Amino acid sequence: VKERGKNNYQLFTSEMQQHFYRKMMIEKQLRTALDNEEFELFYQPIMNVKTNEIIGMESLIRWNNEILGQVTPDEFIPIAEETGMIIPIGQWVLDTAIEQNVRWQKEVYKPFKISINVSVRQLLEPTFLESVKNSIENNSIDATYVVLEITESIAMYAESMIEKLCALKKLGINLSMDDFGTGYSSLSYLNKYPLDSLKIDKSFVIGMNRDDENKALVKTIIAIAKQLDLKVIAEGVEGEDEYHFLSEIGCDYAQGYFISRPLSVNDFKEKWLTAGD
Ligand code: C2E
Ligand code: CA
Ligand code: CA
Ligand code: CA
């Protein structure tokens, strides 16, 4: 018994050490990643479920590091938030995504909205409003094509945050509540924030056709959104059944593997923006 206890202890500490070491490595490599041009944006189309037309795309960051290989955003974004690296990275994402959107709009003569993930840490930065304004002006994009996806957090409840969001909204951009349904459960902020849309979290949408409770939740979220005059996007639409069901119950837009995985610039262009479509 003693011996097993000892082994368990060793296993535990070495796992903790590995975890700590990886986090340290990510932190260290993140510091030079921008300068080394290790980030890339992938794009996933967002489809109008009534017309089956692409109305826009979400930019999703990818990181390929020489030592660590491919690191997922779910792993490195929280670390970038902790260290503050999310500020320059977020700025790069904003500029790159807007620039790409403008290029595509010119190439295909079609308007597309570009959805950009913004972390709360960025919103809290005093210069954020100014940097969004600059990015819009520098790229001469019509602000109505820009969608910022924000998530709920405790900080979102501060009065100053509401003012901030209102100032952003005044630039003419759109605000979308990401991961809707997973956050701090209070619905009271919904009419305080100047939101344009809700994005139903993929945890409710994936496999919803085999899950009556999730189906009911999705229906309810859509009903709430309609009441508040907000558009609804469902993410994580993996199957045809889900797609059609969402269309039937009045969801506006869908995003997910059923339509397309997130794609590189070239693949996105080839698949979704080639002439004749
Ligand atoms: P998110 O904003 O909720 O993005 C949706 C995630 O779901 C993406 O993961 C996307 O690839 C994935 N996804 C899309 N369709 C499906 C589907 O049908 N099924 C399943 N299972 N998954 C699907 P990804 O790209 O790994 O990004 C993870 C998270 O990292 C994002 O979640 C977002 O919170 C964060 N993130 C990504 N890019 C950025 C960025 O530029 N800035 C910030 N601050 N966060 C980002
Ligand atoms: Ca998002
Ligand atoms: Ca989400
Ligand atoms: Ca998320």
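Heads up: the structure comes first, above all this text.
Quick summary incoming for the structure in this document. Given the structure is predicted, the values throughout are model-derived calculations rather than measurements. (Residues numbered from 1 in each chain as written. Chains lettered and ligands numbered in written order. Predicted model: local features only at pLDDT ≥ 70, side-chain atom pairs only at ≥ 80, totals over all residues. Heavy atoms only, no water.)

**Observations regarding the overall build of the protein**
- Each helix and strand counted, the protein has 10 helices and nine strands in total.
- Taking 2.2 N^0.38 as the reference for a compact globule, 277 residues should give roughly 19 Å; the C-alpha atoms of the protein span a radius of gyration of 20 Å, in line with that estimate.
- A principal-axis box enclosing the C-alpha atoms of the protein has dimensions of 65 × 45 × 45 Å.
- Going through the 277 residues of the protein one by one, you find that 45% of them count as buried.
- A total of about 15,100 Å² of accessible surface is found on the protein, and carbon and sulfur atoms cover 50% of it.
- Both charge centroids of the protein, one from 29 positive and one from 43 negative side chains, sit 2 Å from each other. (Helix = DSSP H or I, 4+ residues; strand = E, 2+ residues; numbered from the N terminus. Rg over C-alpha atoms; globule rule 2.2 N^0.38 Å. Buried < 20%, exposed > 50% of the residue type's maximum accessible area, 1.4 Å probe, protein only. Areas by Shrake-Rupley, 256 points an atom, 1.4 Å probe, with all protein chains shown as cover. Lys, Arg positive; Asp, Glu negative; His and termini not counted. Charge placed at Lys NZ, Arg CZ, Asp CG, Glu CD.)

**A few points about the coordination of the calcium ion (ligand 2)**
- Summarising the metal site, the calcium ion (ligand 2) is bound by the protein donors Glu58 (OE), Asn117 (OD1), Glu149 (OE) and Asp178 (OD), whose distances to it range over 2.1 to 2.3 Å.
- Sequence spacing of the donor residues for the calcium ion (ligand 2), all on one chain, is E-x58-N-x31-E-x28-D.
- Between the calcium ion (ligand 2) and the calcium ion (ligand 3) there is a metal-metal distance of 5.1 Å. Separated by 61 residues along the polypeptide, Asn117 in strand E4 (residues 113-117) and Asp178 in strand E6 (residues 174-180) bring together distant segments of the chain. (Donors = N, O, S within 2.8 Å, 3.2 Å for Na, K, Ca; no water.)

**Things to note about the site of ligand 1**
- Around ligand 1 there are 22 residues in total, and Gln44, Arg62, Asn117, Glu238 and Tyr257 lie nearest to it.
- Within the contact set of ligand 1, an oxygen atom lies 2.9 Å away from a side-chain nitrogen or oxygen of Arg62.
- One nitrogen or oxygen atom from the side chain of Asn117 is found 3.0 Å from an oxygen atom belonging to ligand 1.
- Protein coverage of the free-state accessible area of ligand 1, which is 800 Å², stands at 87%.
- For the shell around ligand 1, the secondary-structure elements that each account for two or more residues are strand E2 (53-65), helix H2 (73-83) and E6. (Near = heavy atom within 4 Å. Polar contact = N/O pair within 3.5 Å; in protein donor to acceptor, adjacent residues only side chain to side chain.)

**A few points about the pairing of strand E7 (residues 197-200)**
- Alternating positions in E7 separate into two faces, Ser197 and Lys199 on one and Leu198 and Ile200 on the other, with burial throughout.
- Direction of pairing for E6 relative to E7: parallel, over a ladder of three bridges. Bridge pairing in E7 links Ser176 to Ser197.
- By the bridge criterion, four bridges tie E7 to strand E8 (residues 231-235) in an arrangement that is parallel. Following the sheet pairing, Lys199 is matched in E8 by Ile233. (Pairing = 2+ DSSP bridges.)

**A few points about the coordination of the calcium ion (ligand 3)**
- All of the protein donors around the calcium ion (ligand 3) are Asp179 (OD), Glu235 (OE) and Glu235 (OE); their distances to the metal are 2.0 to 2.9 Å.
- Judged by its relative accessible area of 10%, Glu235 falls in the buried class.

**Examining the pairing of E2**
- Relative to E2, strand E1 (residues 39-48) runs antiparallel, the two sharing 10 bridges. Across the sheet, residue Phe39 finds its bridge partner in E2, namely Trp63.
- Joining the antiparallel neighbours E1 and E2 is a turn of four residues, in which Asn52 adopts a positive phi near 55°.
- One ladder, built from four bridges, connects E2 with E4; its direction is parallel. Bridging from a neighbouring strand, Glu58 pairs with Ser115 of E4.
- Sheet topology note: the E2/strand E3 (residues 69-71) ladder contains three bridges and is antiparallel. Its bridge partner being in E3, Asn65 is matched across the sheet by Gly69.
- Counting the residues in the hairpin turn of E2 and E3 gives three residues.

**Structural notes on the packing of helix H3 (residues 86-108) against helix H10 (residues 265-272)**
- Between H3 and H10, the least distance of the axes is 13 Å, while the angle of their chain directions is 30°. One element, H3, and the other, H10, form an angle in the roughly parallel class. Two packed elements cross with a definite hand, and for H3 against H10 that hand is right-handed. Each of Gln100, Trp104 and Glu107 in H3 lies in contact with H10, whose residues at this interface are Val265, Phe268 and Lys269.
- Residue composition of the contact of H3 with H10, by class: three nonpolar, one polar and two charged. (Axes fitted to C-alpha atoms, helices over the stretch in contact; angles between N-to-C directions. Parallel < 35°, antiparallel > 145°, perpendicular 65-115°, else oblique. Left-handed = near helix turned anticlockwise from the far one by under 90°. Contact = heavy atoms within 4.5 Å. Nonpolar A, V, L, I, M, F, W, Y, C, P; charged D, E, K, R; others polar.)

**Points about a nonpolar patch on the surface**
- Nonpolar side chains collect at one region of the surface, where Phe20, Tyr21 and Met24 lie side by side and expose about 360 Å² of accessible area between them.
- Tracing the sequence through the fold places Met24 in helix H1 (residues 2-33).
- By relative accessible area, which is 43% here, Met24 ends up partly exposed. (Patch = residues over 30% accessible without salt bridge, like charges linked within 9 Å, V, L, I, M, F, W, Y side chains within 5 Å. Salt bridge = Lys/Arg side-chain N within 4 Å of Asp/Glu carboxyl O.)

So, to be careful, I would describe these as geometric facts and stop short of saying anything about function.
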